[in-house]
Amino acid sequence: MVDKVVWHYLSLAAFPEDLVPGVKTLDLSHNFIQSLTENATSKLLSLEHLDLSSNRLEILESGALRVLPQLQELILAANQLHKNYLSNGKALASLARLKFLDLSANNLDNDMVHCYLVNITSLEKLDLSRNKMTKVSADTFYGTPKLVEISLTSNYIMAIEEGTFEALVNLTVLNLAMNSLHCISNFNLINLQVLNLSSNALECFLTEETDEQHQLQVLDLSHNQLFYFPLLPKMHHLQYLNLSSNAMSNLSSNAMEFLRTTAWYKGITNFDFPLAISRRTAGLVKVIHLDLSNNQLSSFPIHFLSNLHSLGHLNMAMNCLQDLTLKQTSNNSLSSDENISESSEKHDLTFKSLKILELQGNSIQALPRQLLDTMPKLENIDLSHNNIEPCRCQSTNEIKTPVNPVPTDREDCMTFSTVPNLKELSLRDNGLTRLSPYMFNQTPLISLDLSANKGLHIPGGAMVGLELTLEKLSLQENQMVSSEMTFPCLKALKVLNLSDNKLSVLPFNLDCSPLESLDIRNNSLEMLGKNVPKSWAGSLRTLFISGNFLSCCAQGWLQSLQSAKVKIPDLAEAWCVYHSKDRNDPAKITSDHSHMCSQLGTSGYPDIVGFGAIIVLLTVSCGMYFVLKKGLALPNAVGFIHHRELSRLREMRVHETTVSII
């Protein structure tokens, strides 16, 4: 017995009539079927799941579905069911056990939808997305009283009649995203748990002040035109609130001046709207994720957010935040004379649960230390695409700075030392030119992104304190030269991105790191070491090398990597150079270079460099021996060294530092 049959993409022009009885799941999607007849389905008494999506279906015979007593899921998406909708609707009414119905993308308007839903009393999940509905009438769902989930996304809905969803006592998920709604003025679906109103044209979201307990847990109001914080139910269980991509410039009462000019606000009488928002937001104690990104907020709303005692993830990216040391605005006044530190003491402002803070894409110059101190559990902070200025330590001697240096008291700069739980930090594209010593000391960073800071200088001591914790480091797009990059021995480093710089040699101390992934694309590297460092032998898995000037005649490193089964995804794109006195000819690194290298009289730079270095050392040693033995004057003794050997020594200085590096 066959339980499941999948015959999609077969260009079937009609419903197959030779199916064996006993089939429970039948997938005929993406064919050219135009009608569903009783003769075709009469043998499928056990069918539970039928997928006819993406066909040319126009006709559903009344008996075609009546003979399917076990059918629970019917997918009719992307057909032409706007035709013959009156008779088709009668056919659906015969499905006594149907739980899920997908009528999406069928060009259905409001009246057509009503005909299809006249009497499917068992239906629990309904998809009406991508149709042509402009409104939802009060009687639309009278025939489907047991609905638990409804999707109305990507229609043209501009109005929802009062009482449309109230009769659906089991409704927990409602998706109205990508429509044309302008205002939700009386939200009272107390049993609803998930509501998606993203990508509409909402200017308001209002609920009446009642003592009824709303079950709402997830609310998505993103990509709308809200100028104020939504007026949420007084009693709710909200955990996820998305308000991104709106037009909010302030979360306090001074946003009301604009609202008083809107048509919907003029219709509200005897209602203190600002006070209502203040009271309602005090009940956000269960919110764990708040997204305020892509708005117009100019200050960090510390008083407002202090009510969110369970907040774990706050996203305020892409706003207008600049100087976070500015005086903060409270909920009940337009301005405050208290700065962050003073207000924290008076109001005991502490974000005890906050672990993730996203502030990228603002114009922030400094994050006050007092603000970080209010976030004792902070693990991840994204400050990319800002103008952060790192603090300089009081000590004038960078190398001999104490183990626990005391940063300056300036509030216009930032230090990330002694942040007890911070594990991930992004300072990408901040215009950083120099890191201060001990900048991350006693902060257990695992991931650090310093990329896209052109001209960045990392002096000795800048990364002290990260030796045992740092696993991922990004330094790409900095245009750094080798002398500007100094690392301590990073014993936990696994992922390192050095691409798009100007490195001629790799940083010293990399052999300390058990690297798994290394990206050195688009640098000025001419040589890689003959052997992979021993510490990488069992760790390195991926290496990117293209965009360099590697020697075609010194590829011992490549054989070593390939023997160790290290992946080089861009090997086919990598070029190398035949170095000679007269020219530097490029070639694909994967080509056979033996003939050309033999013409140049070399079998690989590492071996020549090593042999030449030995000759020079022996020659110098002999010369010094005769100087000491015979008391010859040093200038005359130097002449003992042949001019040709001196020339070779000068030519090999560049290569000597690369022998022990991959």
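The structure this text deals with has already been given above.
Residues numbered from 1 in each chain as written. Predicted model: local features only at pLDDT ≥ 70, side-chain atom pairs only at ≥ 80, totals over all residues. Heavy atoms only, no water.

Chemist: Give a detailed account of unusual backbone geometry, specifying residues and quantitative values.
Modeler: Positive phi is not limited to glycine here, since N522 has a value of about 55 degrees. Mapped onto the fold, N522 is located in the loop between β26 (517-519) and β27 (542-544). Residues other than glycine seldom take positive phi values, yet K565 does so here, at roughly 60 degrees. For K565, the location among the structural elements is in the loop between α11 (556-563) and β29 (575-579). (Helix = DSSP H or I, 4+ residues; strand = E, 2+ residues; numbered from the N terminus.)

Chemist: Provide a residue-level description of the pattern of salt bridges, including the pertinent values.
Modeler: One pass over the structure, following the stated rule, counts 6 salt bridges. Measuring nitrogen to oxygen at the nearest pair gives 3.1 Å for the salt bridge that ties D211 to K234. Remark: K234 occurs in the loop between β16 (218-220) and β17 (240-242) and D211 occurs in the loop between β15 (204-205) and β16; sequence separation between them is 23 residues. Overall, D211 belongs to the exposed group, its relative accessible area being 62%. The class of K234 is partly exposed, set by a relative accessible area of 36%. (Salt bridge = Lys/Arg side-chain N within 4 Å of Asp/Glu carboxyl O. Buried < 20%, exposed > 50% of the residue type's maximum accessible area, 1.4 Å probe, protein only.)

Chemist: How would you explain the side chain of N430 if you had to name every residue and give the values?
Modeler: Of note, N430 is situated in the loop between β22 (424-426) and β23 (447-449). Classification of N430 as buried rests on a relative accessible area of 4%. Here the side chain of N430 touches I388 through a polar contact of 2.8 Å, landing on its backbone nitrogen. With residues near it in sequence (within four places) discarded, N430 still touches L383, S384, H385, N386, N387, I388, A452 and N453. (Polar contact = N/O pair within 3.5 Å; in protein donor to acceptor, adjacent residues only side chain to side chain. Contact = heavy atoms within 4.5 Å.)

Chemist: Talk me through α11; I want residue IDs and the actual numbers.
Modeler: Those residues of α11 that sit buried are W557, L558 and L561. Looking straight down α11, one finds its buried side chains confined to an arc of 100 degrees; they lie on one side. Where α11 is buried, its residues meet β27 and β28 (550-551). Residue K565 follows α11 closely and has a positive phi angle near 60 degrees. (Arc of directions from axis to C-beta.)

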